[in-house]
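One-letter residues, chain by chain:
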Amino acid sequence: MHADFFAGGAGEERTLRGNLAAYDRLRIVPRVLRATGERDLRTTLFGTGLSTPVLVAPTAFHLLAHPGGEAATAEGAAAAGTVMVVSMAATQPVEAIAAAGGPLWFQLYPQPDLAFTAAVVKRAEAAGCRALVVTVDSPVFGRRERDLRNRFTDLPDGLACENMRDATGRVRTVEMDATLGWDRLARLREVTGLPLLVKGILHPADARLAVEHGMDGVIVSNHGGRQLDGAIATIDALPAVAETVGRRVPVLVDGGIRRGTDVLIALALGADAVLVGRPVLEALAAGGARGVQRRLERLTADLDHAMALAGAKRPAELTPDLVAVAG
Ligand SMILES: Cc1cc2nc3c(=O)[nH]c(=O)nc-3n(C[C@H](O)[C@H](O)[C@H](O)COP(=O)(O)O)c2cc1C
Ligand SMILES: O=C(O)C(=O)c1ccccc1
């Protein structure tokens, strides 16, 4: 039941499969004799230096994967030199996660209760989170048919969304809010000075609105195929979004990234960095903090190797001409 929760997507899982299939259709057109020498994968995002452009996507319920929970993921991400985005649906308090690693960003589902939302943001900020990722692809919860079949509705006894505790100590449920609009993102701006990223952009018109509303970053995502089944593969949506944003703010992408060559293609098609969800959950389940560290380091080493073979020294040298559609 819990493995299905992590692996599954919405509906027929067309988008879940599509994210992976889209990378299968793309090929790299390498350059030669570029004398790259050692590659340099270091990446700076909002003033934080990372050793890799591969970040940890926000995912719920890490205690279902491993007894170390989100703290183990944070430890692994920190050891690999990257950012972990802590999910609002984490099963450990953000303070405990921050004590285990960092740098951290915090992912938010804006709640209908604006005061509670502001309190959660303040709490994440106080714990040391350096950016806020606002997920906007979830006005309603996706229809996850594996979870319906398995009757997976709730966390087992003893586990809770620890960052949803209110002033009375009661744990609130994470609510999806179909009344969410750009006005509410503008209000978040008044609540926090942290960089604000919107996660779940697929349409270039929304990318433009994000920039116009003062957002500091855009994450091209279909929630790993867990929300709108039938949504476009993220690597197919990326070029138009990157073109519209035009380097005004960082563009990140997630969904279906499993190999360094996938990262290379995403960076070439306009991403400044990528995030991985299920690979981290699988590594956490299999090997705790060390597993997460090793999975992230393997992805980064694989990217480094692919860049050597494609003739790029730095991520910035990866350009769209290095990618072609397979015949
Ligand atoms: C089990 C699971 C839980 C997730 N929980 C969240 C979440 O709490 N908040 C969020 O913004 N995205 C969530 N996501 C989406 C991820 O942040 C990310 O968009 C997606 O996993 C990327 O696709 P990938 O798993 O193919 O790498 C979740 C994804 C999975 C698989
Ligand atoms: O966002 C998700 O995909 C997800 O699985 C989730 C689970 C619980 C609460 C919020 C999100």
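Residues numbered from 1 in each chain as written. Chains lettered and ligands numbered in written order. Predicted model: local features only at pLDDT ≥ 70, side-chain atom pairs only at ≥ 80, totals over all residues. Heavy atoms only, no water.

Within an unreviewed UniProt entry, the label attached to the chain reads Alpha-hydroxy-acid oxidizing enzyme, and the organism entered is Actinoplanes siamensis. UniProt's Sequence similarities (unreviewed entry) comment on the chain is quoted here verbatim: "Belongs to the FMN-dependent alpha-hydroxy acid dehydrogenase family." (UniProt positions renumbered as here; feature names shortened; annotations may be inferred.)

Another point: the overall build of the chain. A count of helical and extended segments in the chain gives eleven helices and twelve strands. Along the three orthogonal principal directions, the C-alpha set of the chain runs to about 65 × 45 × 40 Å. Taken across its 327 residues, the chain has 54% of its residues classed as buried. Restricting to contacts in the chain with at least 6 residues of sequence separation, those with at least 24 account for 73%. For the chain, the exposed surface amounts to about 13,900 Å²; the carbon and sulfur share of it is 52%. (Helix = DSSP H or I, 4+ residues; strand = E, 2+ residues; numbered from the N terminus. Buried < 20%, exposed > 50% of the residue type's maximum accessible area, 1.4 Å probe, protein only. Contact = heavy atoms within 4.5 Å. Areas by Shrake-Rupley, 256 points an atom, 1.4 Å probe, with all protein chains shown as cover.)

The side chains of a regular strand alternate between the sheet's two faces. The alternating pattern of strand β11 (residues 273–276) places Ala273 and Leu275 on one face and Val274 and Val276 on the opposite face, and all of these are buried. Note: strand β4 (residues 54–56) against β11, three bridges, orientation parallel. Residue pairing across strands places valine 54 opposite valine 274, the latter belonging to β11. Taken together, the three bridges between strand β10 (residues 251–254) and β11 define a ladder with parallel strand orientation. Pairing of aspartate 254 across the sheet is with leucine 275, part of β11. For the crossover from β10 across helix α10 (residues 260–268) to β11, the handedness is right-handed. (Pairing = 2+ DSSP bridges. Right-handed = clockwise from strand over helix to strand, strands pointing away.)

Attention now goes to the nonpolar core. In terms of nonpolar packing, the biggest core is built from 85 residues, with Phe61, Phe106, Ile235 and Leu296 touching the most fellow members. At eleven residues, helix α11 (residues 278–310) tops the list of elements feeding residues into this core. Leucine 296 has contacts with Val54, Val56, Gly76, Ala77, Ala80, Thr82, Val276 and Val280, leaving out every residue within four places of it along the chain. With 14 residues, the next largest nonpolar core counts Ala57, Trp105, Ala131 and Leu197 among its residues. (Core = buried A, V, L, I, M, F, W, Y, C linked by side-chain atoms within 4.5 Å.)

Attention now goes to the site of ligand 1. Neighbouring residues of ligand 1: 23 residues in total, closest Pro58, Ser87, Thr135, Asp254 and Arg258. Between an oxygen atom of ligand 1 and a main-chain N or O atom of proline 58, the distance comes to 2.7 Å. Counting only elements with at least two residues in the shell around ligand 1, the list comes to α1 (2–7) and α11. Along the lines of polarity and charge, the residues of the shell around ligand 1 split into eight nonpolar, ten polar and five charged. (Near = heavy atom within 4 Å. Polar contact = N/O pair within 3.5 Å; in protein donor to acceptor, adjacent residues only side chain to side chain. Nonpolar A, V, L, I, M, F, W, Y, C, P; charged D, E, K, R; others polar.)

The next thing to look at is helix α2 (residues 14–24). Among all positions of α2, only Thr15, Leu16, Asn19, Ala22 and Tyr23 are buried. Summarising the axial view, the buried residues of α2 lie within an arc of 135°, below the 170-degree limit, and thus occupy one face. Residues of α2 that are exposed and point more than 90 degrees away from the buried face comprise Arg14 and Asp24. Those residues of α2 that are buried are in contact with α1, β1 (26–28), α6 (145–150), α9 (234–245), α10 and α11. (Arc of directions from axis to C-beta.)

Attention now goes to the UniProt feature "active site" (unreviewed entry) in the chain. According to UniProt, the "active site" (unreviewed entry) feature falls on His223. Here histidine 223 lies in the loop between β9 (217–220) and α9. Using a relative accessible area of 13% as the deciding quantity, one classes histidine 223 as buried. With residues near it in sequence (within four places) discarded, histidine 223 still touches Tyr109, Thr135, Asp137, Ser138, Arg144 and Lys199.

Attention now moves to unusual backbone geometry. Cis geometry marks the peptide bond from glycine 102 to proline 103, where omega comes out at 5°. Assignment of secondary structure puts proline 103 in the loop between α4 (94–100) and β6 (104–108). We note that leucine 33 has phi near 55°; this positive angle belongs to a residue other than glycine. Residue placement: leucine 33 occurs in the loop between β1 and β2 (43–45).

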